[in-house]
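The chain contents come next:
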Amino acid sequence: MLHKTRGIVLKTTLYSENSVVVQIFTAKFGIQSYMINGVKKPKAKIRMNMLQALHLVDMVVYHKANTSIQRIAELRPSPVFRTIPYDIIKSTIIIFLNEVLYKSIRQQNADENIFDYIFNAVCWFDETDQVSANFHLAFLLKLSRFLGFAPSTQTKSDQSYFDLQEGEFKSLTPVHPYFMEKSIAELFISLFITPFEKLNEIKIDNTTRRLILDKILIYYTLHTASFGEIKSHQVLEEILS
């Protein structure tokens, strides 16, 4: 049976000389794997450049319940990216976010809220002409709300530490190493609550930005099963420095 759905490309793996298996986060079915044949042929209807990290697509798919690999009848970019493939900073940020999303999203069923957040955020990032070096930080912190571990924004004057395990401010130094001093935690929370279009108002130097990113990745590791090591942030830090 054929179904129409939107999708967000997460990972493309070579299967044979001209075939790939693509994992796509779909609006209708959650994360699904699709076999696509002939992607490298000159007259391919679905080409490799349509299957890059976090590309947004409209699809017509065959869907069978309890089948590990599905098939695609039609696929097209929607919207077609205007800037991301041609801007080294944007494309590097997207590669990094794609790696984190691939390791943190486990939706085998449809989740409209997570899908719409990612889809709309990527659309905004492609359209904006003012690239903020804080976008990836804010994106991941805002995503945590949809994944079920949003940080608490409530704090009192005597609470000088943010506990990454508990996701909240504390008065006493936590007994474990997973915490932030209040000055860094306040930037952490500002990135969480500030709309994307106002991120340039948050002034963060490169050293502090790297520290906050490290804390965010620790935060994800603590709250996401089998999160593992993120490798692309090292390239990202070089590009943004």
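Residues numbered from 1 in each chain as written. Predicted model: local features only at pLDDT ≥ 70, side-chain atom pairs only at ≥ 80, totals over all residues. Heavy atoms only, no water.

1. Some remarks on empty space enclosed by the protein
Item 1. Applying the stated criterion across every chain, the model contains one cavity of 30 Å³ or more.
Item 2. In this structure, the largest cavity spans a volume of roughly 60 Å³.
Item 3. Listed by contribution, the elements that provide at least two residues to the lining of the largest cavity are α5 (206–223) and α6 (233–240). (1 Å grid on protein atoms, 1.4 Å probe; cavity = no way out; pocket = protein on both sides within 12 Å on 5 of 7 lines; lining within 4 Å. Points joined across faces, edges and corners; volume = space filled by probe spheres on them. Helix = DSSP H or I, 4+ residues; strand = E, 2+ residues; numbered from the N terminus.)

2. Some details on the packing of aromatic side chains
Item 1. Inspection of every chain in the model, using the stated rule, returns 16 aromatic pairs.
Item 2. Plain terms: the ring middles of phenylalanine 162 and phenylalanine 188 are 5.5 Å apart, the flat faces sit at 45 degrees to each other, and that makes the pair tilted. With phenylalanine 162 in strand β6 (residues 161–163) and phenylalanine 188 in helix α4 (residues 182–193), the pair connects residues that are 26 residues apart, well separated along the chain.
Item 3. Of the residues examined, phenylalanine 162 reaches a relative accessible area of 0% and is grouped as buried.
Item 4. Ring geometry for phenylalanine 188 versus tyrosine 219: centroids 5.8 Å apart, planes at 85 degrees, classification edge-to-face. One end of the pair, phenylalanine 188, is in helix α4; the other, tyrosine 219, is in helix α5, with 31 residues separating them in the sequence. (Phe/Tyr/Trp six-rings, centres within 6.5 Å; stacked < 30°, edge-to-face > 60°. Buried < 20%, exposed > 50% of the residue type's maximum accessible area, 1.4 Å probe, protein only.)

3. Examining the UniProt feature "domain: DNA replication/recombination mediator RecO N-terminal" (unreviewed entry) in the chain
Item 1. In the numbering adopted here, UniProt assigns the feature "domain: DNA replication/recombination mediator RecO N-terminal" (unreviewed entry) to residues 1–76.
Item 2. Here residues 1–76 is 0% helix and 58% strand, with 19 Å between the C-alpha atoms at its ends. (UniProt positions renumbered as here; feature names shortened; annotations may be inferred.)

4. Regarding the sheet that holds strand β3 (residues 30–37)
Item 1. Around the barrel, five strands lie side by side as β1-β2-β3-β5-β4; this closed barrel has mixed pairing. Between one strand and the next, the sheet's axes are offset by a mean angle of 55 degrees, whatever the strand orientation.
Item 2. Of the strand pairs in this sheet, strand β1 (residues 2–14) and strand β4 (residues 56–62) are connected by seven bridges, and their pairing is antiparallel. Considered in β4, the bridge of leucine 2 is made with tyrosine 62. (Pairing = 2+ DSSP bridges. Axes fitted to C-alpha atoms, helices over the stretch in contact; angles between N-to-C directions.)

5. Quick word on the sheet that holds strand β7 (residues 168–170)
Item 1. One open sheet accounts for three strands, arranged β7-β6-β8; its pairing is antiparallel. At either end of the open sheet lies a strand with only one pairing partner, and these are β7 and β8 (179–181). For this sheet the average axis-to-axis angle between neighbouring strands, irrespective of direction, equals 30 degrees.
Item 2. In this sheet, β7 lies alongside β6 in antiparallel orientation, the contact comprising three bridges. Each residue of the ladder has a partner; that of aspartate 163, found in β7, is glutamate 168.
Item 3. Helix-sheet contacts for α4 involve β6, β7 and β8, and the interaxial angle to β8 is about 105 degrees. (Contact = heavy atoms within 4.5 Å.)

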